[in-house]
Amino acid sequence: MSARKVDYLLIGGGLASANCARWLREEGAEGEILLVGREPDAPYNRPDCSKGYLRGEESREEPLFRPADWWEEQAIELLTRTSVTSLNLDARTVKLSTKQEIEFDKALLATGANVRRLNVEGCELEQIHYLRTLGNADAIREGVADAENVVLIGGSYIGCEVAASLSMLGKSATIVMQEEHTLERGFGKQAGRFVQELLEEHGVTIHGSDELERFEGEGRVAKVVTRKGLELEAQAVVIGAGVAPDVQLAKRAGLEIGERGGVRCSSALQSTAEGVFAAGDICEYDSPMHGGHVRIEHWDVAFNHGKTAALNMLGKDLAHDVVPYFFSVLGDWGELEYVGPAYGWEEEILRGSFAEGSFTNWYLQDGQVKAALTFGRSEDLDHARRLITDAVVLDKRQQRALADLDSDLGDVE
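All residue numbers refer to position in the chain's written sequence, counted from 1. Local features in this predicted model are restricted to residues whose pLDDT is 70 or higher, and side-chain atom pairs enter the listing and the counts only when it is 80 or higher, whereas totals over whole chains, interfaces and linings include all residues. With hydrogens and water excluded, all non-hydrogen atoms of the structure serve as input to the side-chain values.

### Side note on the environment of Phe 104
Here comes step 1: The helix count covers DSSP runs of H or I at least four residues long, the strand count covers runs of E at least two residues long, and both are numbered beginning at the N terminus. For Phe 104, the position within the fold is in strand S6 (residues 101–109).
Here comes step 2: It is 6.1 Å that separates the C-alpha atoms of Phe 104 and Thr 93, two residues lying 11 residues apart in sequence.
Here comes step 3: Here, two residues are considered to be in contact whenever any of their heavy atoms come within 4.5 Å of each other. In this structure, Phe 104 is in contact with Lys 5, Val 6, Leu 9, Leu 87, Arg 92, Thr 93, Val 94 and Val 276, ignoring residues within four places of it in sequence.

Take a look at the structure:
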């Protein structure tokens, strides 16, 4: 049987592919668009999994990228519960888990990432969860329904956000983490301490500078034991140990993999194969913002990659120059917003006050703003984006202005 031919093949069922499909149509693409995703759901906003959807405040439809009838209206074919099993770059074909063969003109690889699973004693016990999908959120909500004590392994986004959500559901939430303070790897000790104190004020117990040793229980987890000897009662556990880019399809096809473990791409997000682009967690691209190849794991990055990939599939040849934006909602206690990321910095400048819960923390390297974290000061973000984009080298007077609440950030240029 000869292969079916499509103009645009989008591999991966997340926001990168969804936004790529959207912008292909909005920019006038008239050919066939086929989006193939292995999840049972149409593309959706993954951050909801640890927040409103996890708490049962949102329906299954609310996180969706677009309503179900939008795909048909836009003449975008959506295949869910389907994987691409092989990619032949010479023939420009793929094989699907349905045994169908598809020939393509342009393709997007947006296969996302897989959670890192911990291989420790007791890891096979029931009610030990990982969170990546809506289905995972369903399982966690059901699993904690009759639980009093839930332990979170890891002090990054997943651990903090799930702890906040579970606390709002009336559960006793405890975080065990290797770091001294929550989120300090990305935000530094001061901001990390602020987040940790905010969580603790709302009843979350946190054990830093420790790590998981084993799980104990009879069939179902009952206890978490740490390297330092803590024994924590737990009727459920949620693990947030990070993710690994899913580049197996790309590797088997012979695409170049970069030093950060992603598919190596140009600034236009094109891989080493003509007409084959990458986006999202697997994309390691030459970033004008960062002065080299970066790979950034975040839904907003994937979302914006999708637009850039679509425009370049249509021949625009544009560098991806969007400053990555991150946010983390901690229950109804507040929201962290961040632009960057800063892979390293030598100085932090605080505008506002951690104690008052209203601040922007600037991260500088060689006099340039590399990132900014805000809590209650969203208005500072546009200035941060501008300073990062323009690579402005700030003198001491300008740096003092970053800290001065009476100064006009628009004058810092």
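Read on, since the account is not over.
### Things to note about the pattern of salt bridges
Here comes step 1: Basic side-chain nitrogens of Lys or Arg form a salt bridge, by our definition, when they fall within 4 Å of a carboxyl oxygen of Asp or Glu. Counted under the stated rule, the structure contains 24 salt bridges.
Here comes step 2: In this structure, the salt-bridge partner of Arg 295 is Glu 297, at a minimum N-O distance of 2.8 Å.
Here comes step 3: Between Arg 377 and Glu 379 there is a salt bridge whose closest N-O contact spans 3.7 Å.
Here comes step 4: We classify Arg 377 as buried; its relative accessible area is 13%.
Here comes step 5: With relative accessibility at 48%, the residue Glu 379 sits in the partly exposed group.
Here comes step 6: Where salt bridges share partners, they join Asp 41, Arg 60, Asp 138 and Arg 141 into one cluster. Buried means the residue's accessible area, taken with a 1.4 Å probe over protein chains only, is under 20% of the maximum for its type, while exposed means over 50%, and partly exposed covers the values in between.

### Some remarks on helix H8 (residues 381–390)
Here comes step 1: Restricting attention to buried positions, one finds in H8 the residues Leu 381, Ala 384, Leu 387 and Ile 388. An end-on view of H8 places all buried positions within 125° of arc, on one side of the element.
Here comes step 2: Here the buried face of H8 lies against strand S21 (325–329), strand S22 (335–339), strand S24 (358–365), strand S25 (368–375) and helix H9 (396–403). To obtain the arc, one takes the directions from the helix axis to the C-beta atoms.

### Here we look at the nonpolar core
Side chains that are nonpolar tend, in soluble globular proteins, to be buried together.
Here comes step 1: Throughout, nonpolar core names a set of buried Ala, Val, Leu, Ile, Met, Phe, Trp, Tyr and Cys residues whose side chains join them through atoms within 4.5 Å. Formed by 74 residues in total, the largest nonpolar core has its most connected members in Leu 9, Val 94, Leu 109 and Leu 199.
Here comes step 2: If one sorts the elements of this core by residue count, helix H5 (residues 184–201) sits on top with six residues.
Here comes step 3: Ignoring anything within four residues of it in the chain, the contact list for Val 94 reads Leu 9, Ile 11, Val 84, Ser 86, Leu 87, Gln 100, Glu 101, Ile 102 and Phe 104.
Here comes step 4: Counting 25 residues, the second largest nonpolar core, distinct from the first, contains Ala 16, Cys 20, Leu 24 and Met 313.

### Observations concerning a negative patch on the surface
Here comes step 1: Like charges are joined within 9 Å and nonpolar side chains (Val, Leu, Ile, Met, Phe, Trp, Tyr) within 5 Å, but only among residues with over 30% relative accessible area and no salt bridge; these make up the patches. Throughout, the Shrake-Rupley method with a 1.4 Å probe supplies accessible areas, and for residues the shown protein chains are the sole cover considered. For the purpose of counting charges, residues Lys and Arg are taken to be positive, whereas Asp and Glu are taken to be negative. His and the chain ends are not included. For the purpose of locating charges, the reference atoms are NZ of Lys, CZ of Arg, CG of Asp and CD of Glu. A cluster of acidic side chains, namely Asp 390, Asp 408, Asp 411 and Glu 413, defines a negative patch on the protein surface.
Here comes step 2: A relative accessible area of 46% places Asp 408 in the partly exposed class.

### Focus on the environment of Leu 64
Here comes step 1: Along the chain, Leu 64 turns up in the loop between strand S2 (33–36) and helix H2 (68–73).
Here comes step 2: Sequence separation between Leu 64 and Asp 41 is 23 residues, and the spatial gap between their C-alpha atoms is 8.4 Å.

### Some details on empty space enclosed by the protein
Here comes step 1: Lining residues are defined by having an atom within 4 Å of a point belonging to a cavity or pocket. Those points lie on a 1 Å grid over the protein atoms alone, cavities being sets where a 1.4 Å probe fits but cannot get out and pockets being open sets with protein on both sides within 12 Å along at least five of seven lines. Grid points are joined across faces, edges and corners, and a volume is the space filled by probe spheres set on the points. Under the definition given, this model contains one cavity of 30 Å³ or more.
Here comes step 2: Size it by volume and the largest cavity reaches roughly 30 Å³.
Here comes step 3: Along its surface, the largest cavity is lined by Gly 13, Leu 35, Gly 37, Arg 38, Glu 39, Asp 41, Pro 43, Leu 78, Leu 79 and Thr 80.
Here comes step 4: Residue composition of the lining of the largest cavity, grouped by class: four nonpolar, three polar and three charged. Residue type decides the class: Asp, Glu, Lys and Arg count as charged, Ala, Val, Leu, Ile, Met, Phe, Trp, Tyr, Cys and Pro as nonpolar, and the leftover types, Gly among them, as polar.

### Re the packing of aromatic side chains
Here comes step 1: Pairing of aromatic side chains requires ring centres within 6.5 Å, counting the rings of Phe and Tyr and the six-membered ring of Trp. Pairs whose planes differ by under 30 degrees are stacked, by over 60 edge-to-face, and all others tilted. Per the counting criterion, the structure on display carries 15 aromatic pairs.
Here comes step 2: Aromatic side chains Phe 194 and Phe 354 sit 6.1 Å apart centroid to centroid with 35° between the ring planes, which places their arrangement in the tilted category. Linking Phe 194 in helix H5 with Phe 354 in the loop between strand S23 (347–353) and S24, this pair joins segments that are 160 residues apart in sequence.
Here comes step 3: Residue classification places Phe 194 among the buried positions, given a relative accessible area of 10%.

### Here's the deal with the sheet that holds strand S15 (residues 236–239)
Here comes step 1: An order of S8-S15-S9-S10-S11 is seen for the five strands of this open sheet, with the pairing classed as parallel. The sheet is open, and its two edges are formed by strand S8 (128–130) and strand S11 (205–207), each paired on a single side. Going across the sheet, the axis of each strand differs from the next one's by a mean of 20°, ignoring polarity.
Here comes step 2: Summarising the sheet, strand S9 (residues 149–153) and strand S10 (residues 172–176) pair through five bridges and their orientation is parallel. Paired with Asn 149 across the strands is Ser 172, a residue of S10.
Here comes step 3: Convention adopted: a line fitted to C-alpha atoms gives each axis, helices being fitted over their contacting stretch, and angles between N-to-C directions are expressed from 0 to 180 degrees. Lying over the sheet, helix H4 (residues 157–168) contacts S9, S10 and S15, oriented at roughly 165° with respect to S9. Strand pairing is assigned whenever DSSP identifies at least 2 bridges connecting the two strands.

### Quick look at H9
Here comes step 1: Within H9, burial applies to Gln 398, Gln 399, Ala 401 and Leu 402. Viewed along the axis of H9, the buried residues span an arc of 155°, placing them on a single side of the element. Away from its buried face by more than 90 degrees, H9 exposes Lys 396, Arg 397 and Arg 400.
Here comes step 2: On the buried face of H9, the contacting elements are S23, S24, S25 and H8.
Here comes step 3: With a side-chain oxygen positioned 3.2 Å from the backbone nitrogen of Arg 397, the residue opening H9 is Asp 395. Think of a polar contact as two N or O atoms within 3.5 Å of one another; within protein, one of them needs to be a possible hydrogen donor and the other a possible acceptor, and neighboring residues in sequence only count if both atoms come from side chains.

### Observations concerning the environment of Arg 22
Here comes step 1: Its place among the elements puts Arg 22 in helix H1 (residues 15–26).
Here comes step 2: Once the C-alpha coordinates of Arg 22 and Ser 267 are considered, the two residues, 245 residues apart in sequence, prove to be 21 Å apart.
Here comes step 3: A polar side-chain atom of Arg 22 sits 3.1 Å from a polar atom in the side chain of Asn 19.

### Notes on the sheet that holds strand S17 (residues 263–265)
Here comes step 1: If you trace the three strands from one edge of the open sheet to the other, you get S17-S19-S20, paired in mixed fashion. Pairing within the sheet leaves two strands with one partner each, and these edge strands are S17 and strand S20 (292–294). The average angle at which neighbouring strand axes cross in this sheet is 25°, direction not considered.
Here comes step 2: Bridge analysis of strand S19 (residues 283–287) against S20 gives three bridges, and the strand direction is antiparallel. Each residue of the ladder has a partner; that of Asp 286, found in S20, is His 293.

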